Amino acid sequence: MAETKLRSLTMTSKGQVTISARARKALGLDKGDTLIEMQVGGCLVLLPENQILAETARKAQAALKRAGVTAKEIIQEADRLREIRLTKRYPALK
């Protein structure tokens, strides 16, 4: 289980706070990384965007596997639907 550490952060007049080097290192955060801000009741939660995207990708891959669908099949279907849409929108390009 992850160890919970409480630290005090001071907000500047521009609403900025500094995340400790220890927390940045533990989470693999670098300059320019994006955080997701989420308000939960009276709490503010910051989530590293790259970790959220990675988790979403893992969940999508698992769902595809459960459904018996491959990424290749999805890409092929997207290409097919794009072709249909373009043909309808621009019939002169056939």
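Residues numbered from 1 in each chain as written. Predicted model: local features only at pLDDT ≥ 70, side-chain atom pairs only at ≥ 80, totals over all residues. Heavy atoms only, no water.

Student: Looking at this structure, how should I read the pattern of salt bridges?
Tutor: If the charged atoms of two oppositely charged side chains come close together, the side chains can form a pair. According to the stated counting rule, one finds three salt bridges in the structure shown. Notably, a salt bridge pairs arginine 58 with glutamate 55, separated by 2.9 Å at the nearest N-O pair. Remark: glutamate 55 and arginine 58 occur in helix H2 (residues 49-67); sequence separation between them is three residues, near one turn of the helix. For glutamate 55, a relative accessible area of 32% gives the class partly exposed. One salt bridge connects glutamate 77 with arginine 80, and the closest N-O pair in it is separated by 2.7 Å. With a gap of three residues between them, glutamate 77 and arginine 80 both fall in helix H3 (residues 71-89), about one helical turn apart. On the accessibility criterion, arginine 80 (43% relative accessible area) is partly exposed. (Salt bridge = Lys/Arg side-chain N within 4 Å of Asp/Glu carboxyl O. Helix = DSSP H or I, 4+ residues; strand = E, 2+ residues; numbered from the N terminus. Buried < 20%, exposed > 50% of the residue type's maximum accessible area, 1.4 Å probe, protein only.)

Keep in mind these numbers describe shape, not what the thing actually does.
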